[in-house]
Amino acid sequence: MGTDLHELLRSLRVWDPEVTELPPLDPAAAPGDPLELFTRWFAEAVAAGEREPHTVSLATADAEGLPDVRVVMLHGADAQGWAFATHAGSRKGRHLAARPYAALVFYWPALGRQVRLRGPVAVAPADQARADLRARSTGALAAALTGRQSAELGSTDELARASEAAWEQAGREPDAPVPSWTLYRLRPDEVEFFQGEARRRHVRLAYRRTGGGGWDRRLLWP
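Bear in mind the structure is a predicted one, so any value in this text is a computation, not a measurement.

Draft legend 1. Quick peek at the packing of helix H5 (residues 138–146) against helix H6 (residues 156–172). At their nearest, the axes of H5 and H6 sit 8 Å apart, and the two run at 130° to each other. With respect to each other, H5 and H6 are oriented oblique. Seen from above, H5 lies across H6 with right-handed handedness. Across the interface between the two elements, Thr-138, Gly-139, Leu-141, Ala-142, Leu-145 and Thr-146 from H5 touch Leu-159, Ala-162, Ser-163, Ala-166, Trp-167, Gln-169, Ala-170 and Gly-171 from H6. For the contact of H5 with H6, the class distribution of residues is eight nonpolar, six polar and no charged.

Shown next as structure tokens:
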């Protein structure tokens, strides 16, 4: 028996009250800097049991302006920006080389929350990229050593052979260099915090960077 996608979709409920707590967001009490609120929300997502709160959707555009999106991992956030990493020759790396501007969105369904960011992306210094890779697991290093991300793959056997060799090298050389590994930082011009509400009176609090380096805050209709 085939699956009826439409029936399945209609059976689903967003923010089931049995498993989801929708905390309030008081815009008047929000801090002046979005990084402070993001850090607080991130910690609350971890405490709420989100399995992978550090996963984030990254949207880029190619040289022709065609969009693309994928899920990556957050590697840090500070005054310099929200950090993620990839190979410079990957599809997203090529997009960012052609158009160094991107958007991020975090979704934490256990709390009915989203955080959206948009802004220019800069390449971090090479020594910071090396330190970022050294701080990760052996598996992460093996993956970075495995092959040419986004290039066409001949077969899964080819991948298996390359992976085995990469794991062996990663175990033998925990500081093995991966010249293409690149750390990027998105320094947002805009950050939006979305808090779901049971009666659909969702709160959208938007921060926009001002010319003086500060932030302007405003509410948006949901």
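Here the narrative resumes, following the displayed structure.
Draft legend 2. Up close: the side chain of Lys-92. Following the sequence through the fold, Lys-92 ends up in helix H3 (residues 91–98). One buried charged residue, Lys-92, forms no salt bridge at all, with the nearest opposite charge on Asp-68 at 9.0 Å. If we skip the residues at most four places from it in the chain, Lys-92 touches Leu-58, Arg-70, Val-72, Thr-86 and Gln-149.

Draft legend 3. Summary view of the packing of aromatic side chains. Inspection of the entire model under this criterion finds 11 aromatic pairs. Aromatic pair Trp-15 and Phe-194: ring centres 6.3 Å apart, planes at 40°, arrangement tilted. You can see Trp-15 sitting in the loop between helix H1 (5–11) and helix H2 (34–47) and its partner Phe-194 sitting in strand S8 (residues 190–195), a full 179 residues away along the chain. The pair formed by Trp-15 and Phe-194 is uniform in burial state, with each residue classed as buried. Within the aromatic cluster, the residues linked to one another by ring pairs are Phe-38, Phe-42, Trp-82, Phe-106 and Trp-108.

Draft legend 4. Broad picture of the pairing of strand S10 (residues 215–220). Bridging between strand S9 (residues 203–209) and S10 involves six bridges; their strand directions are antiparallel. Paired with Arg-209 across the strands is Trp-215, a residue of S10. Counted between consecutive antiparallel strands, the loop separating S9 from S10 contains five residues, among which Gly-213 sits at a positive phi close to 95°.

Draft legend 5. The arrangement of the pattern of salt bridges in detail. Tallied over the entire structure, the rule returns 11 salt bridges. Here Glu-36 makes a salt bridge to Arg-40, at a shortest N to O gap of 3.8 Å. In this pair, Glu-36 and Arg-40 both sit in helix H2, four residues apart, roughly one turn of the helix. Given a relative accessible area of 45%, Glu-36 falls into the partly exposed group. Looking at Arg-40, the relative accessible area reads 36%, which means it is partly exposed. Residue Glu-173 is joined to Arg-172 by a salt bridge in which the shortest nitrogen-to-oxygen separation is 3.1 Å. We classify Glu-173 as partly exposed; its relative accessible area is 31%. Each of Asp-68, Arg-70 and Arg-91 takes part in salt bridges that share partners, so that together they form one network.

Basis of the calculations
Residues numbered from 1 in each chain as written. Predicted model: local features only at pLDDT ≥ 70, side-chain atom pairs only at ≥ 80, totals over all residues. Heavy atoms only, no water. Axes fitted to C-alpha atoms, helices over the stretch in contact; angles between N-to-C directions. Helix = DSSP H or I, 4+ residues; strand = E, 2+ residues; numbered from the N terminus. Parallel < 35°, antiparallel > 145°, perpendicular 65-115°, else oblique. Left-handed = near helix turned anticlockwise from the far one by under 90°. Contact = heavy atoms within 4.5 Å. Nonpolar A, V, L, I, M, F, W, Y, C, P; charged D, E, K, R; others polar. Buried < 20%, exposed > 50% of the residue type's maximum accessible area, 1.4 Å probe, protein only. Lys, Arg positive; Asp, Glu negative; His and termini not counted. Salt bridge = Lys/Arg side-chain N within 4 Å of Asp/Glu carboxyl O. Phe/Tyr/Trp six-rings, centres within 6.5 Å; stacked < 30°, edge-to-face > 60°. Pairing = 2+ DSSP bridges.

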